Amino acid sequence: MFKKILVANRGEIACRVFRTAKRMGIATVAVYSDADARSPHVLMADEAVRLGPAPAAESYLRADLILLAARETGADCIHPGYGFLSERESFARACAEAGIAFVGPPPGAIAAMGDKIESKKLAKAAGVNVVPGYLGEIADTDEAVRIASDIGYPVMMKASAGGGGKGMRLAWSEADVREGFEATKREGLASFGDDRVFIEKFIESPRHIEIQVLGDQHGNILYLNERECSVQRRHQKVVEEAPSPFVTPVMRKAMGEQAVALARAVGYYSAGTVELIVSGADTSGQGFYFLEMNTRLQVEHPVTEEITGLDLVEQMIRVAAGEPLGITQDQVGIHGWSIENRVYAEDPYRGFLPSIGRLVRYNPPSPSPEGEGLVRIRVDDGVAEGGEVSMFYDPMIAKLVTWAPTREAAIDAQIAALDAFEIEGPGTNIDFLSALMQHPRFREGALTTGFIAEEYPDGFHGAPADAALLRTLAAIAAFAATAQADRARRIDGQLGRRLPPPAAWVVRIGERDHAVTVSTDGLSVDGEDLDLALEYTPGDRMVEAEIGEDAHLSVRIAPVRAGFRLTTRGASHVARVLPAHAAPYATHLIEKVPPDLSKFLIAPMPGLLVRLDVGAGDTVEAGQPLAVVEAMKMENILRAEKSGRVKAVSAATGDSLAVDQVILELE
């Protein structure tokens, strides 16, 4: 077995590998960029080596520096994690030439599967179903238009070396191809150093299902069931679960056997994932098509670990050390259900734009002790309170994983855990994730890759709250206001020594007023007693409420002017709380009207202005592309909200933009 392992990665996955390595008694080495000098993965390792400046091209993508770090620290194996160099054949080969074990598949398998065009040809030759498309090299936009027309719209344009949702564009028409082909090439070149693009038929109402495979160097290859990854946004996975609510035992066997056959055809060993696009209308087990093979550990591997009881990182290390697999296909079972939500630094209320900055507060839900209870909570992360979400790397903050005996229980555990997740600083998608978990269609398992776009066509505005939840929140707000008033009266000169805090309140949430009474006998809302038990001390950030005998609600609470902001169950609710005797006078207050910003084109996130399509004096129409901003390796097209003429341009191509910075003004 290896003595020392270097992880050529950062953040969550580096911490994940270190945990297993430490349990196996293997010493650990971290590498880091200047932006990560004080990151948790650096502090967690036994040794740490600086690579270079923050940009990945000058640090985590420098194979020569990583190999030098391995030699200097005496590491005898390197785990690449995911992303960065994990699927670079040249890196795996360089490790072998340096006499350092690569914890992953052989270079030949990486090469065969790393090129999406060539991998589809290999899959087709091996008898695996592939999506109809054009696998040759495409010279220019005009040729792309001709090919797309021959295949038939809609089509998907993909960077040949792409992955992680980057370098992909869906085209419903010739105009989409003309607008998106060059952008796809640029993203492929910027993210993967390869601007080749291929085009394939887009299967409408598809499900994205993947098969986890695991092989050793002795010819044994297993499939470890499937993962459902259909809930995606911009082709980036958001929610994963295992097993899939759609896959039958017959489908599972057919998919698994084809995945193993493909892996065997390229001499694969270690952990890998065969991604399939599956027709949701075909339950025969035949309506699935090969998309690609990821020759690395997947972000969503924890859900497979939770239902199989296997540590995939440990298996990868043992395979790299030459050990045979310790299990057979018949021993791979499915135990319970597991769901993973990716917590991203992005603002779902502003079109999911990237959000960066310091984690002023980071307090994830407490993980469940292994093997205890009917529900398990697992948080895989690589951040800490006070750390920074950088513009240089992926915006994922953490992975929240739950396990339970049933799918419904695993979903409910996610909702409760998301309510208890505290993050302040950058915006996060926690509310959105909770809304997904509560959505009737998700709970039914009626999923496609278009689920988010179909259910949130106008963007996300918070999960809907029923009347019972709003009454509970009104009671919590009134209780908190009572506690604040009680503290105020105890401070000399505030309310007077003998003046008791108000007992009757009017709480406005949205457009509805609730009459709430707080007394020693309990709480009543709109004349009805509420069976609610809670505690609140002014300054608390979280309220834990017991509703009835068995219902529990976690509510994040923050004071705002004349009330509180209450966040729970996928939405934030501003509760204005006034004493009952003062509430009627609120109607006389003058409403503050926000300024009209529609005449400005404003940077919605920090990023680089890579293209400016108009100049001063140009006439623009509503919806017309005006500029392109690159943030976190993704290009974002900014469009005109209304028609007009460009009055002034305040930024130039190549400028680094701050959030809310004015790019241009219309008149």
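Everything below is about the structure shown above.
Values in this document were obtained by computation on a predicted structure and should not be read as measured data. (Residues numbered from 1 in each chain as written. Predicted model: local features only at pLDDT ≥ 70, side-chain atom pairs only at ≥ 80, totals over all residues. Heavy atoms only, no water.)

## Side note on the environment of Gly445
Along the chain, Gly445 turns up in the loop between α14 (440-444) and α15 (451-455). Gly445 gets classed as buried once you look at its relative accessible area, which sits at 9%. Setting aside residues no more than four positions away along its own chain, Gly445 makes contact with Arg207, Pro245 and Arg407. (Helix = DSSP H or I, 4+ residues; strand = E, 2+ residues; numbered from the N terminus. Buried < 20%, exposed > 50% of the residue type's maximum accessible area, 1.4 Å probe, protein only. Contact = heavy atoms within 4.5 Å.)

## Remarks on the packing of helix α7 (residues 141-151) against helix α8 (residues 174-192)
Axis separation between α7 and α8 bottoms out at 9 Å; the angle between their running directions is 135 degrees. Comparing their axes, α8 and α7 come out oblique. In this structure, the crossing between α7 and α8 has a hand that is right-handed. Along the contact surface, α7 presents Thr141, Asp142, Ala144, Val145 and Ala148, while α8 presents Glu174, Val177, Arg178, Phe181 and Glu182. Here the contact of α7 with α8 is composed, by residue class, of five nonpolar, one polar and four charged. (Axes fitted to C-alpha atoms, helices over the stretch in contact; angles between N-to-C directions. Parallel < 35°, antiparallel > 145°, perpendicular 65-115°, else oblique. Left-handed = near helix turned anticlockwise from the far one by under 90°. Nonpolar A, V, L, I, M, F, W, Y, C, P; charged D, E, K, R; others polar.)

## Regarding the sheet that holds strand β13 (residues 270-279)
The strand order β14-β13-β10-β11-β12-β15-β22-β20 describes an open sheet built from eight strands, whose pairing is antiparallel. Only two strands of the sheet have a single partner each, and these edge strands are β14 (288-294) and β20 (376-381). With direction set aside, neighbouring strand axes in the sheet form an average angle of 25 degrees. Across six bridges, β20 lies against strand β22 (residues 396-404) in antiparallel orientation. Note that in β22 the partner of Arg376 across the bridge is Trp403. (Pairing = 2+ DSSP bridges.)

## Description of the nonpolar core
By size, the foremost hydrophobic cluster in this structure holds 37 residues, and its most contacted members are Ile397, Leu436 and Met437. Counting residues per element, this core draws most heavily on helix α13 (residues 430-438), at six residues. When near neighbours in sequence (up to four residues on either side) are disregarded, Leu436 contacts Val231, Val238, Val239, Phe442, Phe451, Ile452 and Tyr456. Of all hydrophobic cores here, the second largest spans 33 residues; its members include Ala14, Ala45, Leu214 and Met396. (Core = buried A, V, L, I, M, F, W, Y, C linked by side-chain atoms within 4.5 Å.)

## Some details on the packing of aromatic side chains
According to the stated counting rule, one finds 13 aromatic pairs in the structure shown. Here the aromatic rings of Phe91 and Phe102 are separated by 6.0 Å at their centres, their planes lie at 85 degrees, and the arrangement is edge-to-face. Taken as a pair, Phe91 in helix α4 (residues 89-97) and Phe102 in strand β5 (residues 101-102) lie far apart in primary sequence, eleven residues in all. Owing to a relative accessible area of 10%, Phe102 belongs among the buried residues under this scheme. On the numbers, 5.3 Å between centres and 45 degrees between planes, the contact of Tyr349 with Phe460 is tilted. (Phe/Tyr/Trp six-rings, centres within 6.5 Å; stacked < 30°, edge-to-face > 60°.)

Taken by themselves, the reported measurements are silent on function.
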